[in-house]
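Listed here are the chains, written in short residue letters.
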Amino acid sequence: MLFLSCYNEAMVSNTHPLLRSLNAQQCEAVTVSDGPVLVLAGPGSGKTRVLTHRIAWMLTEQQVPPWRVLAVTFTNKAAREMRERIDGMLDSAGGRDILIGTFHAMCARILRREADWIGLPKDYLIFDTDDQLAVMKMVVKELGLDDKRYRPRGLLNAISAAKNELILPPDYPVRTYHDEVVARAYARYQATLRNNNALDFDDLLVEPVRLFRSQPEVLAKYRDRFRYLLVDEFQDTNIAQYVLLRLLSQDHRSLFVVADEDQSIYSWRGADYRNIQRLHTDYPELVEILLVENYRSTQVILDAARALISHNVDRTPKDLFTRKQGGAPPTVREAYDEEEEGSLIAREVQSLRGTRYGYGDIAVMYRTNAQSRALEEAFIRQGIPYRLIGATRFYSRKEIKDVLAFLRLVQNPEDSVSFQRVVNVPARGIGARTLAKIAAQAERDGKGHYQACLVLLAQGGLGSRTSNAVQGFVDLVQMWRPYQSEATVMQLLDRILSDTDYESYVKDGTPEGDSRWENVMALRAVVEEAPLLSLADFLTEVALVADIDEIEDQVEAVTLLTLHSAKGLEYPVVFIAGLEEGMLPHSRAIEESPQAVAEERRLLYVGMTRAMERLYLSYAFRRNWYGNNEPATHSRFLDDLPDDVVGGRRSRRQVQTTHQNWGVPAWPTGQSVGGRPERQQIQRKFQRGQRVRHRRFGEGAVQDSQIEGNDEIVTVLFFDNRVGVKHFLAGAAPLESVSEH
DNA sequence: AAGGATTGCTTTTTT
DNA sequence: AGCAATCCTT
């Protein structure tokens, strides 16, 4: 891919302050016409930045009203950041009127308004994975299936895959008896969801498609409303999301998507990077722009990542480059087991900490959540502050789910899943037998479990003790429901907590008990922060947040996270642990298919390209696997890294050496990359008028220098007319000062 | 009905 | 090894 001429780069950058921090390619991407645009870009190429500038550009240059813009991001966090940046760029709060969010959040909103067009309740609940499992278990029981042969989880996976491809129960392809059972379970599952007034995550995407396909006037309304569609991380869209985009953009064809095939890591949940090809077919007039400059990583890190990914077939080769020449080479290190791996990393973190890196600059990544334990233990031993992303997600903790279940019951008594969850919380003498009676009654009437209780109580079909217990629970809900209309969510929550004496239920004198109560209080704080939210909106919001959304940026702690959650983030220092066969690539992937292994490779690629300055890879010689300690082999991916880039490499013989070296901090220190100043205070090294020399471009004069983020952006006009104006990051030390005389 | 012991099974990855 | 579902005892 060729650059535009430097002349253009200078022109565009000088004409529009909005575009000043962009290079020529990015400017082009931002300013191309209104029609469909695909920006294909490598990691660290400023994809999201281009998207952000594009929005700001439309709002100012094209006078697009903010409310006509729909921007879809991958996480709520990305959405929040984008909105803030737009506000900053426009010097106003215009970002507030733009609809920016995830597909799921956007769909939840649309359904909240339009549900009755397709016979759905507007006050629907969103069922998460646990709820889905509970529903499926009920279904399996009702259909009298053998839960060994038809595992609820497996059925859910099949159903989810079908939904992602917009296949409804009647259309489920039946080729074997097993398929036939899945189809029946699917139909029954769907019916149960509807009886519960609930949608699952996949329904959130499927139902809007159904809405738009069946109600042209509704579609027309949203098409008009969202005249400009922008999508980040397009390679991770599934069929349903793609169809949604196509429906919305069919007329105006103003679609601007940003993608990187090499970062496609969600095929297991239906993402289909072939959507990029579909785009070319469905939009022949599509303008494609390739961004290949990387602003994040040093040359050596980028080289390693490129070498790794180049082994994948079926991709657009990208000639990625960075102006941050040189740098400390990535290193590979073998540890004896995961415990040693942990302390090795912890020790290196400690020594990095003395230099210009703070804890907050460092991230440790791994394939599976289970791997975090060994790392945590090492960090605790060495007193290193860390924060763990993801492991037990806040909203799936028992105590939180219990409290939410109470709230959901108030919102919607038909919700049998929540009913079963809390009918005996705290224990009030309603056990399995009683629950079975209630379930049977519910099935007879085709109503929810709560309704069934009312019926049973009226009929007096229960023993006096159970009857009292059930009555007690029903009374609670009956008290809370009318209270809801006059009270805020916060007041309702407090009432529930005190009526159930939840505090003493949860606190059992152990430290865990205290922490459970702290979690409940944390939930209360969440409610407190959004005092105006209705109960329905609050529950929706809670269902759609990801742990990654909660990351605050200026925390002085090392971040521990899975490679999947690392997408879209960057850190000066990155450790990737557990590079063993079976771990990364994961054994499941190896068994499954070469394509699955290719995805594992992309996953590592994503991780490696998160690193700005330093990258450490490690693996263990033995690893605990299902309880026993098994020897491991280093990941095949390590063999694909260039030898000259990666120092100190494994071999069977070195294993012994390493074992003897136990306790010696053996990470190579490496040369620092340019003069990246201390975190708290970034000083400018260049000023206007200063004379500088660049290795390739010769001498020139500094036009401008600005601090952006953690680095200094220097604009230089070179004396060689063919070179013209260029921008540099001082952190990569591309320029040296020349004294004039 | 509740709590404790036993068994058997599991691990990708997440909106 | 850890956890959930199941069994067993009170």
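Everything numeric in this text was worked out from a predicted model, so none of it was measured. (Residues numbered from 1 in each chain as written. Chains lettered and ligands numbered in written order. Predicted model: local features only at pLDDT ≥ 70, side-chain atom pairs only at ≥ 80, totals over all residues. Heavy atoms only, no water.)

Caption draft 1: Spotlight on the overall build of chain A. When its secondary structure is counted, chain A shows 28 helices and 23 strands. For chain A, contacts bridging at least 24 residues in sequence account for 74% of all contacts bridging at least 6. Of the roughly 32,700 Å² of accessible surface on chain A, a fraction of 49% belongs to carbon and sulfur atoms. (Helix = DSSP H or I, 4+ residues; strand = E, 2+ residues; numbered from the N terminus. Contact = heavy atoms within 4.5 Å. Areas by Shrake-Rupley, 256 points an atom, 1.4 Å probe, with all protein chains shown as cover.)

Caption draft 2: The packing of aromatic side chains, seen in detail. The final tally for this structure, using the stated rule, is 12 aromatic pairs. Relative to Phe 226, the ring of Tyr 222 lies with its centre 6.0 Å away and its plane at 35 degrees, an arrangement referred to as tilted. Neither residue differs from the other here; Tyr 222 and Phe 226 are each classed as buried. Judged by centre distance (5.6 Å) and plane angle (85 degrees), the rings of Phe 419 and Phe 473 are edge-to-face. Note that Phe 419 is positioned in helix 17 (residues 416-422) and Phe 473 in helix 20 (residues 464-486), a separation of 54 residues in sequence. On the basis of relative accessibility, which here comes to 1%, the residue Phe 473 falls in the buried class. Grouping aromatic residues by their ring pairs yields a cluster made of Phe 74, Tyr 266 and Trp 268. Over the ring of Tyr 124 we find Arg 112, and its NZ or CZ is 4.2 Å from the ring centre. The side chain of Arg 269 reaches across the aromatic face of Tyr 266, ending 4.1 Å from its centre. (Phe/Tyr/Trp six-rings, centres within 6.5 Å; stacked < 30°, edge-to-face > 60°. Buried < 20%, exposed > 50% of the residue type's maximum accessible area, 1.4 Å probe, protein only. Lys NZ or Arg CZ within 6 Å of the ring centre and 35° of its normal.)

Caption draft 3: Unusual backbone geometry, seen in detail. Look at the link from Leu 584 to Pro 585: it is a cis peptide, with omega at 5 degrees. The residue Pro 585 is located in the loop between strand 15 (571-576) and helix 25 (587-592) in this model. With a phi close to 50 degrees, Asp 501 is a non-glycine residue in the positive phi region. Within the fold, Asp 501 resides in the loop between helix 21 (489-499) and helix 22 (502-506). Residue class for Asp 501 comes out partly exposed when judged on its relative accessible area of 45%.

Caption draft 4: View of the confidence of the model for chain A. When pLDDT is averaged along chain A, the result is 84, and 88% of the positions lie at 70 or above. Within the model, the stretch residues 1-11 combines pLDDT values under 50 with 13 contacts to residues more than four positions away or in other chains. Low pLDDT, under 50, characterises residues 647-681; the stretch is placed with 68 contacts to residues that sit more than four places away or in other chains. (pLDDT = per-residue confidence, 0-100.)

Caption draft 5: Spotlight on the nonpolar core. Counting residues in hydrophobic clusters, the biggest one holds 86 residues, and the most contacted among them are Phe 212, Phe 234, Leu 279, Met 365, Ile 576, Met 608 and Leu 617. With residues up to four places along the chain from it excluded, the contact list for Leu 279 reads Leu 38, Phe 234, Tyr 242, Leu 255, Val 257 and Leu 286. Counting residues in each nonpolar core, the second largest holds 71 residues, with Val 423, Ile 430, Ala 442 and Leu 523 among its members. (Core = buried A, V, L, I, M, F, W, Y, C linked by side-chain atoms within 4.5 Å.)

Caption draft 6: Representation of the pattern of salt bridges within the structure. With the rule as written, the count across this model stands at 44 salt bridges. The salt bridge involving Asp 236 is made with Lys 567; its shortest N-O contact spans 2.1 Å. Within this pair, whereas Asp 236 is found in the loop between strand 6 (228-231) and helix 11 (239-249), its partner Lys 567 is found in the loop between strand 14 (558-562) and strand 15, the two being separated by 331 residues in sequence. The pair formed by Asp 236 and Lys 567 is uniform in burial state, with each residue classed as buried. For Asp 262, the salt bridge is made with Lys 318, and the minimal N-O distance between the two is 3.2 Å. Here Asp 262, found in the loop between strand 7 (255-259) and helix 12 (275-282), pairs with Lys 318, found in the loop between helix 13 (299-309) and strand 10 (321-322); they are 56 residues apart in sequence, far enough to count as distant. Each member of the pair, Asp 262 as well as Lys 318, carries the same accessibility label: buried. Beyond isolated ion pairs, a larger network of salt bridges with shared partners links Asp 128, Asp 130, Asp 131, Lys 401, Arg 408 and Asp 415. (Salt bridge = Lys/Arg side-chain N within 4 Å of Asp/Glu carboxyl O.)

Caption draft 7: Molecular detail of the protein's contact with DNA strand C. Around DNA strand C sit Lys 137, Arg 373, Tyr 626 and Gly 627, and that is every residue in its neighbourhood. Interatomic distance of 2.7 Å between a side-chain N/O atom of Lys 137 and a phosphate oxygen of DNA strand C. In the surface near DNA strand C, the residues fall into one nonpolar, one polar and two charged. (Near = heavy atom within 4 Å. Polar contact = N/O pair within 3.5 Å; in protein donor to acceptor, adjacent residues only side chain to side chain. Nonpolar A, V, L, I, M, F, W, Y, C, P; charged D, E, K, R; others polar.)

Caption draft 8: Spatial organisation of the side chain of Arg 610. Assignment of secondary structure puts Arg 610 in the loop between helix 26 (594-608) and strand 16 (611-620). Buried charged residue Arg 610 carries no salt bridge. Nearest counter-charge: Glu 233, at 6.6 Å. Only 3.3 Å separates the side chain of Arg 610 from the side chain of Gln 263, close enough to count as a polar contact. Side-chain polar atoms of Arg 610 contact the side chain of Thr 609, separated by 3.1 Å. (Lys, Arg positive; Asp, Glu negative; His and termini not counted.)

Caption draft 9: Up close: the sheet that holds strand 13 (residues 386-388). Strands sit in the order 11-16-15-12-14-13 across an open sheet of six strands; the sheet is parallel. Whereas interior strands pair on both sides, the edge strands pair on one side only; in this sheet they are strand 11 (331-335) and strand 13. On average, each strand axis in the sheet is tilted by 20 degrees relative to the strand beside it, whichever way the strands run. With four bridges connecting them, strand 12 (residues 362-366) and strand 15 associate as parallel partners. In the strand pairing of strand 15, Ile 362 is matched with Val 573. (Pairing = 2+ DSSP bridges. Axes fitted to C-alpha atoms, helices over the stretch in contact; angles between N-to-C directions.)

Caption draft 10: Representation of helix 4 (residues 76-90) in the model. In this model, helix 4 (15 residues) spans 21 Å end to end at C-alpha, consistent with the 21 Å of a helix rising 1.5 Å per residue. Within the span of helix 4, buried status applies to Lys 77, Ala 79, Met 82 and Ile 86. At its buried positions, helix 4 is contacted by helix 3 (47-61), strand 2 (69-72) and strand 3 (99-101). Once helix 4 ends, the next one or two residues include Asp 91, with phi positive near 60 degrees. (Expected span 1.5 Å × (residues − 1).)

Caption draft 11: Fine view of the environment of Gly 446. Its location among the elements puts Gly 446 in the loop between helix 18 (432-445) and helix 19 (449-459). With 254 residues separating them in the primary sequence, Gly 446 and Thr 192 have C-alpha atoms 9.7 Å apart.

Caption draft 12: Seen up close, the sheet that holds strand 8 (residues 287-291). Across the sheet, which stays open at both edges, the six strands sit in the order 3-2-6-7-1-8 with parallel pairing between neighbours. With one partner strand each, in any of the chains shown, strand 3 and strand 8 form the two edges of the open sheet. The mean inter-strand angle of the sheet, taken between neighbouring strand axes irrespective of direction, is 10 degrees. The sheet contact formed by strand 1 (residues 37-41) and strand 7 spans four bridges and is parallel. If you follow Leu 40 over to strand 7, its bridge partner there is Ala 259. Contacting strand 1, strand 7 and strand 8, helix 2 (residues 24-31) crosses the sheet at an angle of about 155 degrees to strand 8. Helix 4 contacts strand 2 and strand 3 of the sheet and is inclined by roughly 140 degrees relative to strand 3.

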